[in-house]
Amino acid sequence: MMRAAIRSANASENRAVGANQINTRGPAIRTDGLAVSELTVKFGGLAAISDVTLSLCVGEIVGLIGPNGAGKTTLVNVLTGFQKPSSGEVTLNGHETRKWGASRFRREGVARTFQSGRLFGKLSVLENAEVSAIAMGASRDKARKQAVELLEWVGLREVLQRPAESLAYTDQRRLDIARALCSDAKYVLLDEPAAGMSDTECDDLMHLIRAMPRKFDCAVLLIEHNMHVVMGLSDRLHVLDGGRTIVEGVPAEVQAHEAFLRAYLGAEIVE
Ligand SMILES: Nc1ncnc2c1ncn2[C@@H]1O[C@H](COP(=O)(O)OP(=O)(O)OP(=O)(O)O)[C@@H](O)[C@H]1O
Ligand SMILES: [Mg+2]
């Protein structure tokens, strides 16, 4: 992937790249899709997100990447109503969302998975998915049908009656995806779905995620540290470091870009 030799550099040097970025400000503000503009999120004195503009439209897969602590999960929290912005706007198809809580985002078609899993451990795999559909207003019959279909699709057909907590970690991540899809989501935000997966499991997961925009007529925002997965799936990438957008573009552009090499990989290009 990288031809340039690299060596370690400290974070402040990494962030000093600036001038040659493909796009440091993000696209013009769009009125369609799920979007944040000029978003800042502060926790006390710490700016977890600074002036980030990003949009997500039905039909596309957008990769959101960056080193640990870059602000990726915080951005997903804002896009799903789990975290209020300090400043900036979140819009859904042009509608201001300032007063929306997480359940409103969910009702409007924005669903997510969690980096650290939030399944109902004692409930069965099937019940976990059904609960998600019922919360969206589905009847018990419809919820059951939808849950079974989606659980089969993610590869959990054999374990429908098992308690969620008894599943392997990687199967719990698949269940989390099925739960997100059970709500007829138009915007599916996946927070490190491939974490802990083997290469073969990653390839299976990639097939699923790649199929999602067409199969479910949705958009996918994919946070992922596995470069093979995120580069292979994303139509475009948005790279954060220290809460700021440092580069965005199509994968081929981004992965050859100095800002990506320096900041994301924590390295300085020598030649
Ligand atoms: N609720 C919170 N209170 C205080 N600080 C927070 C809170 N949530 C996140 N942070 C801080 O904000 C920064 C961004 O965190 P975030 O979890 O969004 O990063 P991330 O890119 O998802 O990292 P990772 O790749 O490790 O998951 C970090 O410095 C983190 O410690
Ligand atoms: Mg995170």
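Refer to the structure above for everything that follows.
Residues numbered from 1 in each chain as written. Chains lettered and ligands numbered in written order. Predicted model: local features only at pLDDT ≥ 70, side-chain atom pairs only at ≥ 80, totals over all residues. Heavy atoms only, no water.

Undergrad: Help me understand the site of ligand 1, please; the structure alone is not making it clear to me.
TA: The environment of ligand 1 is formed by 14 residues, the closest being Gly69, Lys72, Thr73, Thr74 and Gln115. Starting from 640 Å² of accessible surface for ligand 1 in isolation, the protein chains cover 61%. Elements represented by at least two residues in the shell around ligand 1 include exactly strand 3 (46–56) and helix 2 (72–79). By residue class, the composition of the shell around ligand 1 is five nonpolar, seven polar and two charged. (Near = heavy atom within 4 Å. Areas by Shrake-Rupley, 256 points an atom, 1.4 Å probe, with all protein chains shown as cover. Helix = DSSP H or I, 4+ residues; strand = E, 2+ residues; numbered from the N terminus. Nonpolar A, V, L, I, M, F, W, Y, C, P; charged D, E, K, R; others polar.)

Undergrad: How do you make sense of the pairing of strand 3 when you look at a structure like this?
TA: Within a regular strand, the side chains alternate between the two sheet faces. Across the eleven residues of strand 3, eight count as buried, placing the element largely inside the fold. Here seven bridges tie strand 2 (residues 34–43) to strand 3, and the two strands are oriented antiparallel to one another. Within strand 3, the position partnered with Lys42 by the bridge is Ala47. Linking strand 2 to strand 3, which pair antiparallel, is a turn of two residues; within it Gly44 sits at a positive phi near 60°. (Buried < 20%, exposed > 50% of the residue type's maximum accessible area, 1.4 Å probe, protein only. Pairing = 2+ DSSP bridges.)

Undergrad: Help me understand a nonpolar patch on the surface, please; the structure alone is not making it clear to me.
TA: A cluster of nonpolar residues, Phe120, Leu123 and Val131, forms a patch on the protein surface that exposes about 210 Å² of accessible area. With respect to the element layout, Leu123 can be found in the loop between strand 7 (110–112) and helix 4 (125–135). We classify Leu123 as partly exposed; its relative accessible area is 30%. (Patch = residues over 30% accessible without salt bridge, like charges linked within 9 Å, V, L, I, M, F, W, Y side chains within 5 Å. Salt bridge = Lys/Arg side-chain N within 4 Å of Asp/Glu carboxyl O.)

Undergrad: Looking at this structure, I do not really get the nonpolar core. What am I missing?
TA: What tends to happen in soluble globular proteins is that the nonpolar side chains get buried as a cluster. Among the nonpolar cores identified, the biggest contains 52 residues, and Leu151, Ile209, Leu222 and Phe260 are the most heavily contacted of them. Here the element with the most residues in this core is helix 7 (residues 199–216); it accounts for six residues. The residues contacting Leu222, other than those within four sequence positions of it, are Ile61, Val62, Gly63, Leu64, Leu190, Pro193, Ile209, Val229, Val230 and Leu233. In terms of nonpolar packing, the next biggest core, distinct from the first, is built from 26 residues, Leu34, Val41, Leu54 and Val76 among them. (Core = buried A, V, L, I, M, F, W, Y, C linked by side-chain atoms within 4.5 Å. Contact = heavy atoms within 4.5 Å.)

Undergrad: Can you walk me through helix 6 (residues 169–181) in this structure?
TA: An α-helix turns once per 3.6 residues; consequently, residues spaced three or four apart project the same way. Between the first and last C-alpha of helix 6 there are 19 Å, a value that for 13 residues agrees with the 18 Å anticipated at 1.5 Å per step. The element helix 6 is largely enclosed, with a buried count of eleven among its 13 residues. (Expected span 1.5 Å × (residues − 1).)

Undergrad: How should I be thinking about unusual backbone geometry in this particular structure?
TA: What you tend to see is this: most non-glycine residues have negative phi, and most peptide bonds are trans. At Asn93, a position not held by glycine, the phi torsion is positive, near 50°. Residue placement: Asn93 occurs in the loop between strand 5 (87–92) and strand 6 (95–96). Given a relative accessible area of 43%, Asn93 falls into the partly exposed group.

Undergrad: How should the coordination of the magnesium ion (ligand 2) be read in this particular structure?
TA: Metal coordination angles have textbook ideals: 109.5 degrees for a tetrahedral set of four donors and 90 or 180 degrees for an octahedral set of six. Each protein donor to the magnesium ion (ligand 2) is listed here as Thr73 (OG1) and Gln115 (OE1); together their distances run 2.0 to 2.3 Å. Of this pair, Thr73 sits in helix 2 while Gln115 sits in the loop between strand 7 and helix 4, placing them 42 residues apart in sequence. (Donors = N, O, S within 2.8 Å, 3.2 Å for Na, K, Ca; no water.)

Undergrad: Help me understand the packing of helix 5 (residues 140–153) against helix 6 in this model?
TA: Angle between the axes and distance between the axes: these two values describe a pair of packed helices. One can describe the packing of helix 5 onto helix 6 by two numbers: an axis separation of 9 Å at closest approach and a directional angle of 140°. By the criterion of interaxial angle, the relationship of helix 5 to helix 6 is oblique. For helix 5 against helix 6, the interelement crossing comes out right-handed. Taking contact as the criterion, the partners of Gln146, Leu150, Leu151 and Trp153 in helix 5 are, on helix 6, Leu175, Ala178 and Leu181. Class assignment of the residues belonging to the contact of helix 5 with helix 6 gives a composition of six nonpolar, one polar and no charged. (Axes fitted to C-alpha atoms, helices over the stretch in contact; angles between N-to-C directions. Parallel < 35°, antiparallel > 145°, perpendicular 65-115°, else oblique. Left-handed = near helix turned anticlockwise from the far one by under 90°.)

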